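Coordinate inspection notes
Listed below are the residues making up each chain.
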Amino acid sequence: MIRRPNILYYNNGQTEKEKVLEKAARRMGFDFSPILPQNVLQTVGYLAKIKGFPPRKISVLENLPSIPMDVMVMCNFTDDNLNHLLRMMKNGELPSVALKAVLTSQNCFWTFAHLVKELEEEHRDFMEREEEK
């Protein structure tokens, strides 16, 4: 069974931007799943609704990490879907998203917060390399 492309999106308080992205995603035939702050300690696989990924039991003692930017995870995307979406962002047809990732066989086991931490480090490294040019 081929699964529909799905966008997981953490809006970091940018609700208008979320509405624009959701509308565009649905127009392109993609599912759109908002990620709420209370779900950032769930695995990406669970949030992407992948079979075999049950919800994590989150202790009330666990601190919810702060996520300072909006985040998009593209799940079940073909290369064409991915290129089209990224091209629309680059051309300004859609608002840009600070941190973006594609669901992989590795990151589906990570919590959403862990994925964001990895993306932040990659983003920081990329920006430093760009400044050196």
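Right above here is the structure, for reference.
This report concerns the structure included in the present document. Everything numeric in this text was worked out from a predicted model, so none of it was measured.

Each strand in a sheet pairs with another by means of backbone hydrogen bonds, the pair being arranged parallel or else antiparallel. What the four strands build is an open sheet, ordered 2-1-3-4; its pairing is mixed. Every interior strand has two partners, whereas the edge strands, strand 2 (31–34) and strand 4 (99–102), have only one. Taking each pair of neighbouring strands and ignoring which way they run, the sheet shows an average axis angle of 20°. Both strand 1 (residues 6–10) and strand 3 (residues 71–75) contribute to a ladder of five bridges, which runs antiparallel. Across the sheet, residue Tyr 10 finds its bridge partner in strand 3, namely Val 71. The strands touched by helix 3 (residues 79–90) are strand 1, strand 3 and strand 4; relative to strand 3, the strand with the most contacts, the crossing angle is about 155°. Each of strand 1, strand 3 and strand 4 touches helix 4 (residues 112–132); the most contacted strand, strand 4, lies at about 115° to it.

Side-chain pairing between opposite charges can occur once the charged atoms of the two side chains come close. As enumerated under the stated definition, the model contains five salt bridges in all. Residue Glu 16 pairs with Lys 19 through a salt bridge whose shortest N-O separation is 3.3 Å. Here Glu 16 and its partner Lys 19 are both found in helix 1 (residues 15–27), three residues apart, which amounts to about one turn of the helix. Taken as a pair, Glu 16 and Lys 19 share a single burial class, namely exposed. Ionic pairing is found between Lys 17 and Asp 70, a salt bridge with its closest N-O pair at 2.9 Å. In this pair, Lys 17 sits in helix 1 while Asp 70 sits in the loop between helix 2 (44–47) and strand 3, placing the two residues 53 residues apart along the sequence.

Turning next to the nonpolar core. Ranked by size, the top nonpolar core spans 22 residues in total, and within it Leu 8, Val 40, Val 71, Val 73 and Phe 112 carry the most contacts. In terms of residue count, helix 4 provides more of this core than any other element does, five residues in total. Each residue touching Val 73, except ones within four places of it in the same chain, is listed here: Asn 6, Ile 7, Leu 8, Val 44, Ala 101, Val 102, Leu 103, Phe 112 and Leu 115. With 16 residues, the next largest nonpolar core counts Phe 30, Leu 82, Met 89 and Val 97 among its residues.

Of all five residues in strand 1, five are buried; the element is thus mostly enclosed. Side chains of strand 1 alternate between two faces, with Asn 6, Leu 8 and Tyr 10 and Ile 7 and Tyr 9 buried alike. Here strand 1 runs beside strand 2; their pairing, made up of four bridges, is parallel. Counterpart to Tyr 9 in the pairing with strand 2 is Pro 34. On the question of chirality, the crossover connecting strand 1 to the parallel strand 2 by way of helix 1 is right-handed.

Let us now look at the side chain of Gln 42. Mapped onto the secondary structure, Gln 42 falls in the loop between strand 2 and helix 2. Judged by relative accessible area, Gln 42 falls into the buried class, the value being 7%. A distance of 2.6 Å separates the side chain of Gln 42 from the backbone nitrogen of Arg 56, its partner in a polar contact. For Gln 42, the residues in contact, after removing those within four places along its chain, are Leu 47, Pro 55, Arg 56, Ile 58, Trp 110, Thr 111 and Phe 112.

Procedures and definitions
Residues take numbers from 1 onward in each chain, read along the sequence in its written order. Residue-level local features of this predicted model are given only where pLDDT is at least 70; pairs of side-chain atoms are given and counted only at 80 or more, and the full residue set underlies all totals for whole chains, interfaces and linings. Values reported for side chains reflect all heavy atoms of the structure, with hydrogen atoms and water molecules removed beforehand. What makes two strands pair is DSSP finding at least two bridges between them. The way it works is that DSSP assigns letters per residue, a run of H or I at least four long becomes a helix, a run of E at least two long becomes a strand, and they are numbered from the N terminus. Angles run from 0 to 180 degrees between N-to-C directions of axes, and those axes are lines fitted to C-alpha atoms, restricted for helices to the stretch in contact. We call two residues in contact whenever any of their non-hydrogen atoms come within 4.5 Å of each other. By definition here, a salt bridge exists when the distance from a side-chain nitrogen of Lys or Arg to a carboxyl oxygen of Asp or Glu is within 4 Å. Only protein chains enter the accessibility calculation, which uses a 1.4 Å probe; a residue whose area is less than 20% of its type maximum is buried, one above 50% is exposed, and one in between is partly exposed. Think of a nonpolar core as a cluster: buried Ala, Val, Leu, Ile, Met, Phe, Trp, Tyr and Cys residues, connected wherever their side-chain atoms sit within 4.5 Å. Crossover handedness is defined here as right-handed if the route from the first strand over the helix to the second strand goes clockwise, with the strands pointing away from the viewer. Under the rule applied, a polar contact is a pair of N or O atoms within 3.5 Å (in protein, one hydrogen donor and one hydrogen acceptor; residues adjacent in sequence only if both atoms are side-chain atoms).

Limitation: the analysis is restricted to geometry and does not speak to function.
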